[in-house]
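In case you want the letters, here they are:
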Amino acid sequence: MTYYKTLQKFSVFSLYNSGMNVYVEYVILDNLVIDTLLLWAAAITLKIPYRKYRVLLGGCVGAACAVVSVYVTGYGTYLVKTVCLVTMCIVVVGFGKKLFWHILLTVAYTFVLGGAIVGLFNLFKVDYLTESGEYYQLNVPLFVYVLAVALVAFLCYSVVFYVRQVKKIAPHMAKIVVTLNKTYRLSGFCDSGNTLTHDGVPVCFVTKKFNGFADYFAAEVLKDRAVAVTVTTVAGSKTVQAVRAKVACNGVEKEVYLALPAEKCQTVYNVLLSNEFCGGVQ
C-alpha cells in the first residue's frame, strides 16, 4: 500500500513530477516502516503467531509495491494495491483461517493511521501538500514522525508494564545476600510454590543475571562442580545446571543450589527463591 499518489517518472535517486523531486529512499522508507508497523499491529491484535523477519519481509513487499505503482495508472492501481495487500499478509501469517481477518484489520489500521496522520498535520498546521494537492511535502520524512510516535508509545507501554509488574510482586520481594566467590546484595522473589531440592539442598533460580555470576557459573562447570537438576513443570521435565552458593534472606541463611531457568524469562528480581526462605513474607 503506497502513501503517495501516482508519480510519473522514476530514476535511481528520485521521483520527478512537474519539476518537483520526491526522493525514492523516502518513498521506500516511508512505506517500509508504516507497512511493517501495520502488519505487526494486526498480528498482535489477532494474537497470531508470527516471526519478526516475516513481518519485516511483508513491509518490504509493501515498499516494493509502492515503487511499482508509479508505473500503473487507472484501475490498474487498485489491482496492484489489492495484490500487494494480500501478498503482504500472506508473507506475515501465511495461509489459514486468520488470513482474511488479518487483511481486514490491516486495512482498518491503514485508514485509522492515515486519518490520524492527516488530523495531526491539520491540527498543528503542518503544510504537507503541494500547491496541486497531489503530493505531500515535508522537511522531515513521514517515517521519522511515525517512528517517533511508535517509540514514545513503546516507552509509555514499557513503563506502565514495569510499574504493574512491580506492584503485583512487591509483597513477595525481599532483599537477599548471595555468597559465591564474593558477596552480592540482590533482590529475590519468595516463591512458596518452589519446593525443588537436590540431595536435600534447596534450589533457587537466577532469573536475572548479575555481574560476576556468569563467570562464576562457567568456572564451576569447567571444574566439574555443577550438578544436573531435574525441573518438572506442566510442560514436562527438563534438566538444568546448578552450582553451590549461600543465600541469606529474612534472617535465614542456607546453602543452596543456584540454577539457570529451563526457559529464558525477564524479571525485575535477580533470584527466584526456594519456599524455605518464605517464612517472613506473606
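Residues numbered from 1 in each chain as written. Predicted model: local features only at pLDDT ≥ 70, side-chain atom pairs only at ≥ 80, totals over all residues. Heavy atoms only, no water.

Asks: Looking at this structure, how should I read the confidence of the model for the protein chain?
Replies: Detailed reading of the predicted coordinates is not advisable wherever pLDDT is low. Of all residues in the protein chain, 84% have pLDDT values of 70 or greater, and the mean over the chain is 82. Averaged over each element, pLDDT in the protein chain is lowest for strand 1 (residues 9-10) (32) and highest for strand 7 (residues 201-206) (94). Overall, residues 2-20 carries pLDDT values under 50, and its contacts beyond four positions in sequence, including any with other chains, amount to 61 contacts. (pLDDT = per-residue confidence, 0-100. Helix = DSSP H or I, 4+ residues; strand = E, 2+ residues; numbered from the N terminus. Contact = heavy atoms within 4.5 Å.)

Asks: Looking at this structure, I do not really get the nonpolar core. What am I missing?
Replies: The nonpolar side chains of a soluble globular protein tend to be buried with one another. The biggest cluster of nonpolar side chains holds 24 residues, and the ones touching the most others in it are Val 178, Leu 180, Phe 210, Leu 258 and Leu 273. When residues in this core are grouped by element, the largest group, four residues, is from strand 9 (residues 236-249). Setting aside anything within four residues of it in sequence, one finds Val 178 in contact with Thr 183, Tyr 184, Leu 186, Phe 210, Lys 246, Val 247 and Leu 258. If you look at the next biggest cluster of nonpolar residues, it comprises 16 residues, including Ile 169, Val 229, Val 231 and Val 240. (Core = buried A, V, L, I, M, F, W, Y, C linked by side-chain atoms within 4.5 Å. Buried < 20%, exposed > 50% of the residue type's maximum accessible area, 1.4 Å probe, protein only.)

Asks: What should I look at first to understand the packing of aromatic side chains in this one?
Replies: In this description, an aromatic ring pair is defined by two values, namely the gap between the centres and the angle between the planes. Counted by the stated rule, this structure contains six aromatic pairs. Ring plane angle 55° and centroid distance 5.1 Å describe the contact between Tyr 184 and Phe 210, whose orientation is recorded as tilted. You can see Tyr 184 sitting in strand 5 (residues 183-190) and its partner Phe 210 sitting in the loop between strand 7 and helix 6 (213-222), a full 26 residues away along the chain. A relative accessible area of 10% means that Tyr 184 is categorised as buried. Through a chain of ring-to-ring contacts, three or more aromatic side chains come together here, namely Tyr 184, Phe 210, Phe 213 and Phe 217. (Phe/Tyr/Trp six-rings, centres within 6.5 Å; stacked < 30°, edge-to-face > 60°.)

Asks: Honestly, unusual backbone geometry in this entry has me stumped. Any pointers?
Replies: Glycine aside, negative phi is the norm for most residues, and most peptide bonds take the trans geometry. Even without being glycine, Asp 224 reaches a positive phi, approximately 60°. Structurally, Asp 224 can be placed in the loop between helix 6 and strand 8 (227-233). Residue Asp 224 is classed as exposed on the basis of its relative accessible area, which comes to 66%.

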